[in-house]
Amino acid sequence: MKEILEKQRAFFNSNQTKDLNFRIEQLQRLKTLLLSNQNRLNEAIYADFGKSPFETFTNEFGLVYLDIDEACSKLKKWAKWKRVRTNWVNFPAKSYIIPEPLGVSLVIGAWNYPYQLALAPVVAAIAAGNTVILKPSELPSNTSKTMAELINNFFDSAFFHVVEGGIDDTTALLEERFDKIFFTGSPNVGRIVYQAAAKHLTPVTLELGGKSPAIFTEGANLKMGIKRLIWAKFLNSGQTCIAPDYVLLPKSLKAEFLRLAKEEIDAASYSPENGNYIRIINDRNVQRLARLLDQNKVYSGGKIDEENRIIEPTLIQDVTFDDAIMQEEIFGPLLPVLTYDSIDEAIREIKKREKPLSCYLFTNDSVLKNKLLNELSFGGGAVNESLMHISNSRLPFGGVGNSGMGSYHGEAGFRAFSHYKSILEKSTWFETKLKYSPYSEGKLKWIKRLMGMK
Ligand code: NAD
């Protein structure tokens, strides 16, 4: 590892990654590598959780290809030196900002979208001119192994290298000095990464998780809202960081909501055979979800097939904030439905908890919409939609507080892996005496006047 790090540092210092054409070429090579090995990559993820080629394209590679295409077409604009106005105090001069790569970066991926969550930050790192060490999650072992084999045989390890491994290997990796760490995973491990980064004062982006609420208000388009909500919740069997974790609605909507939600689940015919339902990642998570599920409160679903690691899409009613399922991020196909008496009560309950990664508002009431958007703090979200905000690369994606720090996708990804170097370039034909001694009342008056003070 140390050897690869040294090679990467030397490569970075050779300035080759500063060349924008080099970065574009590497991004295109990555896309070609992935496209020409699509079958192999599909088989690996199918072996890990039974994910179909359709979902592997729409939820994993499609997003990575869009990121690559966007970075290639906009890189020259993002990397431009940006002129800003110079203030009077510094006259005559020009001022500008130079985006520069941070250096040797470490990307640590999570397991739930193993390709997308590993490769999308890598695209941003390369676009910004960094070298990259990628540590994918070890849990989906086939995808991790396949990425390592393909990438390490294709890219020079001095520029881009995959290191496989679990907790011990990641702990060892985190001992090393990086110029940027980009971590996707749980808030608990996020804390460990942040502490390790502090030792070297390494900047971090932490893409974490949390309990993302979906709030319905009176008068919402219930049928359309439920269609979008159910799709988002049960995609990837609920193992999505921005999945709606639970539903909050007025008591008056409860019966209608449950009836329509069940209808929507039935119509979707979720099953691995239909290519729209995947396995839970491992036995430990099946058991964790089984513990969170109070069978007495199940409205529909609730069956757990431990042997095949399949949990039915499940609606849970009469849930309160004190129930076990409301104490942690669910990260599985269980949807608790809670009711509120007033929107202020709903806001109070959400605010008592950690700031979520996402929030979804289903409403046709613009006053309530503005109130919720104004009063609740969360990473990002959608109105009358769920999940899809992630697909617009013009919307920086990331959390706040316990759900993360920093953001990426599109230009935000480029920014996450860049330092913005501010330069004041002074002309030499003129100089005032104002800042130099001997000081005087008159000079001070002038300085204040130039600063816009009376
Ligand atoms: P995790 O935190 O268990 O693991 C993430 C990575 O950290 C893995 O590569 C793992 O090997 C490594 N790791 C685990 N324990 C470690 C330790 N003690 N020291 C050092 N490294 C360690 O997370 P996960 O189970 O892979 O993913 C689920 C979590 O990630 C959920 O909370 C989910 O919301 C969140 N998530 C967030 C996003 C996002 O974009 N914000 C995306 C996906 C998942």
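Residues numbered from 1 in each chain as written. Predicted model: local features only at pLDDT ≥ 70, side-chain atom pairs only at ≥ 80, totals over all residues. Heavy atoms only, no water.

## Notes on the sheet that holds strand β14 (residues 334-340)
Part 1 of the argument: Across the sheet, which stays open at both edges, the seven strands sit in the order β10-β13-β14-β9-β8-β15-β16 with mixed pairing between neighbours. Here the strands that pair on one side only, and so sit at the sheet edges, are β10 (298-300) and β16 (380-383). Each adjacent strand pair in this sheet contributes to an overall mean axis angle of 25°, direction not counted.
Part 2 of the argument: With four bridges joining them, strand β15 (residues 358-362) and β16 adopt parallel strand pairing. Across the sheet, residue S358 finds its bridge partner in β16, namely G380.
Part 3 of the argument: Against the sheet, helix α9 (residues 222-234) touches β8 (213-216), β9 (246-250), β13 (314-316), β14 and β15, its axis set at about 140° to β14. (Pairing = 2+ DSSP bridges. Helix = DSSP H or I, 4+ residues; strand = E, 2+ residues; numbered from the N terminus. Axes fitted to C-alpha atoms, helices over the stretch in contact; angles between N-to-C directions. Contact = heavy atoms within 4.5 Å.)

## Description of the site of the ligand
Part 1 of the argument: In the region of the ligand, 26 residues are neighbours, and W111, E138, S186, L208 and E329 sit closest.
Part 2 of the argument: Within the backbone of G109, an N or O atom sits 2.8 Å from an oxygen atom of the ligand.
Part 3 of the argument: Backbone polar atom of L208 to a nitrogen atom of the ligand: 2.7 Å apart, as the coordinates give it.
Part 4 of the argument: In isolation the ligand offers 840 Å² of accessible surface; the protein chains occlude 89% of this area.
Part 5 of the argument: Looking at the shell around the ligand, the elements with two or more residues in it are α7 (167-175), β6 (180-184) and α8 (187-200).
Part 6 of the argument: The greatest single-element share of the shell around the ligand, amounting to three residues, is contributed by α7.
Part 7 of the argument: Each residue belonging to the shell around the ligand can be placed in one class, and the counts come to 13 nonpolar, nine polar and four charged.
Part 8 of the argument: For the shell around the ligand, the domains that each give at least three residues are domain 1 (2-208 + 405-419) and domain 2 (213-398). (Near = heavy atom within 4 Å. Polar contact = N/O pair within 3.5 Å; in protein donor to acceptor, adjacent residues only side chain to side chain. Areas by Shrake-Rupley, 256 points an atom, 1.4 Å probe, with all protein chains shown as cover. Nonpolar A, V, L, I, M, F, W, Y, C, P; charged D, E, K, R; others polar. Domains from an automatic or database assignment.)

## Here we look at the sheet that holds strand β4 (residues 131-135)
Part 1 of the argument: Pairing in this open sheet of six strands is mixed, and the strands run β5-β4-β3-β6-β7-β17 from one edge to the other. Across the chains shown, the open sheet's two edge strands, defined by having one partner strand only, are β5 (160-162) and β17 (404-405).
Part 2 of the argument: Pairing of strand β3 (residues 104-108) with β6 involves four bridges; the strand directions are parallel. Within β6, the residue paired with L106 across the bridge is I181.
Part 3 of the argument: Strands in contact with helix α1 (residues 2-13) are β3, β4 and β5; relative to β4, the strand with the most contacts, it is inclined by about 150°.

## Some remarks on the nonpolar core
Part 1 of the argument: L119, F160, F216, V247 and F257 are the most contacted members of the largest nonpolar core, which totals 88 residues.
Part 2 of the argument: Here the element with the most residues in this core is helix α5 (residues 116-127); it accounts for ten residues.
Part 3 of the argument: Counting residues domain by domain, this core receives three or more from each of domain 1 (2-208 + 405-419) and domain 2 (213-398).
Part 4 of the argument: Beyond its immediate chain neighbours, meaning those up to four positions away, F160 contacts Q8, L30, V122, I126, V132, L134, I151 and F155.
Part 5 of the argument: The next biggest cluster of nonpolar side chains, apart from the first, holds 29 residues, and it includes V286, V298, L334 and L376. (Core = buried A, V, L, I, M, F, W, Y, C linked by side-chain atoms within 4.5 Å. Buried < 20%, exposed > 50% of the residue type's maximum accessible area, 1.4 Å probe, protein only.)

## Things to note about the packing of aromatic side chains
Part 1 of the argument: What the rule picks out here adds up to 24 aromatic pairs.
Part 2 of the argument: Relative to W111, the ring of F49 lies with its centre 6.3 Å away and its plane at 45°, an arrangement referred to as tilted. Residue F49 is located in helix α3 (residues 38-49), and its partner W111 is located in the loop between β3 and α5; the two are separated by 62 residues in the primary sequence. Across the pair, W111 and F49 agree in class, each one buried.
Part 3 of the argument: Across from the ring centre of F155, 5.0 Å away, lies the NZ or CZ of R29, which sits over that ring.
Part 4 of the argument: Stacked on the ring of F417, the Lys or Arg K180 has its end atom at 5.7 Å from the ring centre. (Phe/Tyr/Trp six-rings, centres within 6.5 Å; stacked < 30°, edge-to-face > 60°. Lys NZ or Arg CZ within 6 Å of the ring centre and 35° of its normal.)

The values reported here are purely geometric and, on their own, carry no functional implication.
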